[in-house]
Amino acid sequence: MDFVLKGHGLEHAVQTVIQVFFPNEGYKRLEMPPDEGACVVSIFQNGGFEAHIYKDGNVVSIEKAIPITPEKKSRTQAAAASIFHALAEVTGYRPPWGTLTGVRPAKIITQGQSPVYLRDAYLVRDDKIALCSEVSEAELEFLRDSGQDDIGIYIGIPFCPSRCGYCSFASYPLERHGKLREAYFQALSKEIVFLREKLSRRKITAIYIGGGTPTALEADMLHELMKLVSSLGARASRPQNAELTVEAGRPDSITSEKLAILKEYGVTRLAINPQTMNDETLKRAGRLHTAADFIRCYEMARGLGFTNVNCDVILGLPGETPDDTERTFRELEKLKPESLTVHTLAIKRASDFNHSHGRYGGAGLDTGMIEEMLDISSKTCRDMGLRPYYMYRQKNMVGNFENVGYAKPGFQSIYNHMTMTEARSVYAAGAGAVTKLFYPEAKLIKRAFNVKNLNEYIERVDEMIMRKKEL
């Protein structure tokens, strides 16, 4: 939907609200409403904002909003609110997160705002405010129990057995890029060794090995990686309850030998991700395993003594219905994982789904179906004794919903808390990894970005190390 601005230049705020209602659709700024098609006209006059929705040259809705204060933030919220109300009237749909597009909504409460602020400033629905409040309580408990000097480490392995249709991460299928594993490992080793020296005598409370799929490495290389990772604690302080997570993720990459290696090196938290228990959906998504493969790997991990297993599920995969979601969660309920991460599908520009399905309508889903799926997942998780402890949102999510991590008490991921609160430093190594250093006195975060491209990372790893040194 295109737009026109009159009397103000808050273009980003206008674009953002349009995207909430019409995700993944193009838009452009016009000088005046067209004679054909739909258009938003945002007007600032007499101290307030008006949103006029045009359709084929005729005004079909007008809504107004007055800024609470003259500050730019309040003016931006008012501009967004007027457009939100007008589009809600025209479409008949009120997105549950209102005009809020932030990645970490619970952080607003964690940092001191009242839950009511979410409703008044961003028009967030009451049930989402309640979810934010519950997650914020978990975040505040984490911040009380950890020190500002605690640090986390992220290590990225950007290889996968195949590329999932929804994936937009730095992930390279083995068939095409497997030959680069050795060169990548050598470059990554240099970066990890740098971190080992830099972080000696620091308190490392969480290490997360993700990707990609770390278990896409051959067993001998995985063994060398875990040996190297274990050396990070050689001179640093690694508390007994320090967390070591490995995103095994893809059942088609897991063997008993690899799981035994992870167990040998003290992995405390293992992720094995079904995404769905529907084999047809798995095929459509480009995953090379079945639901039975997932169950086999899960039981293998239990047999080796892993007592903290996380499972990821994605709601809204093409072709899925609420009945499929119900079936998936019934199966997971039998397995009793310690934590479940429930994602709502996000169709990113870099994903294969963006090309095969285009806009969300191509996925054959509507927001009502997604909301029903979210209700099923929330109820089942709570019935299993799991409670929400972290949450984040992404652009281009189906229905503009959220991703929620649920866990049994005492099994919340320390690393996930670090990344969501952004109140602890996280050092990162690997292609596409981002180091975030937190300065508590200034309440400031500084970042160092690693390049995503596999070949560039291998060639420029010394530069990636230098970026961290400069930071």
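Remember, it's a predicted structure, so these values are computed and weren't measured experimentally.

Criteria and cut-off values
- Along each chain, numbering runs from 1 in the same order as the chain's sequence is written.
- Totals for whole chains, interfaces and linings use all residues, but because this is a predicted model, local features are given only for residues with pLDDT of at least 70 and pairs of side-chain atoms are given and counted only at 80 or more.
- The side-chain numbers reported here are obtained from all heavy atoms of the structure, hydrogens and water having been left aside.
- Each helix corresponds to a stretch of at least 4 residues labelled H or I by DSSP, and each strand to a stretch of at least 2 residues labelled E; elements are numbered beginning at the N terminus.
- Partly exposed describes any residue whose relative accessible area lies between the buried limit of under 20% and the exposed limit of over 50%, with all areas from a 1.4 Å probe on protein chains only and scaled to the type maximum.
- The definition of a polar contact used here is a pair of N or O atoms within 3.5 Å, where within protein one atom must be able to donate a hydrogen and the other to accept one, and adjacent residues in sequence count solely through side-chain atom pairs.
- Side-chain atoms within 4.5 Å are what join buried Ala, Val, Leu, Ile, Met, Phe, Trp, Tyr and Cys residues into a set we call a nonpolar core.
- By definition in these notes, contact holds between two residues if any of their heavy atoms fall within 4.5 Å.
- Every axis in this analysis is a line fitted to C-alpha atoms, fitted for helices over the stretch in contact. Angles between the N-to-C directions lie between 0 and 180 degrees.
- Every angle not falling under 35 degrees, over 145, or within 65 to 115 is termed oblique; those three ranges are roughly parallel, roughly antiparallel and roughly perpendicular.
- Each residue receives one of three labels: charged for Asp, Glu, Lys and Arg, nonpolar for Ala, Val, Leu, Ile, Met, Phe, Trp, Tyr, Cys and Pro, and polar for the others, Gly being one of them.
- With the far helix as reference, a near helix turned anticlockwise by less than a right angle produces a left-handed crossing, and one turned clockwise produces a right-handed crossing.

Now for the environment of Asn453. Summarising the element assignment, Asn453 is placed in the loop between β17 (444-449) and α16 (454-459). Residue classification places Asn453 among the partly exposed positions, given a relative accessible area of 35%. When the C-alpha positions of Asn453 and Pro95 are compared, they lie 36 Å apart, and in sequence the two are 358 residues distant. Within the local environment of Asn453, its side chain forms a polar contact with the backbone nitrogen of Asn455, the two atoms lying 3.0 Å apart.

What follows concerns the nonpolar core. Ile155, Ile209 and Leu225 are the most contacted members of the largest nonpolar core, which has 92 residues in total. Those residues in contact with Leu225 that sit more than four places away from it in its chain are Ile155, Ile157, Phe185, Leu188, Ile192, Ile209 and Leu217. With 26 residues, the next largest nonpolar core counts Ile18, Phe21, Phe84 and Ala86 among its residues.

Attention now goes to the packing of helix α5 (residues 126-145) against helix α15 (residues 414-421). Packing of α5 against α15 leaves a shortest axis separation of 10 Å and a crossing angle of 105°. Comparing the axis directions of α5 and α15 gives the class roughly perpendicular. Facing α5, whose interface residues are Ala138, Glu139, Phe142 and Leu143, α15 presents Ile414, His417, Met418, Met420 and Thr421. A breakdown of the residues in the contact of α5 with α15 according to their chemical character gives six nonpolar, two polar and one charged.

It is worth spelling out the packing of helix α11 (residues 291-303) against helix α12 (residues 322-335) at this point. Relative orientation of the contacting elements α11 and α12 amounts to 15°, with a least axis distance of 12 Å. Between α11 and α12, the angle falls in the class roughly parallel. When you trace α11 past α12, the crossing you get is right-handed. On the side of α11, the interface is formed by Phe294, Ile295, Tyr298 and Arg302, while α12 contributes Glu331, Leu332 and Leu335. Considered class by class, the residues forming the contact of α11 with α12 number five nonpolar, no polar and two charged.

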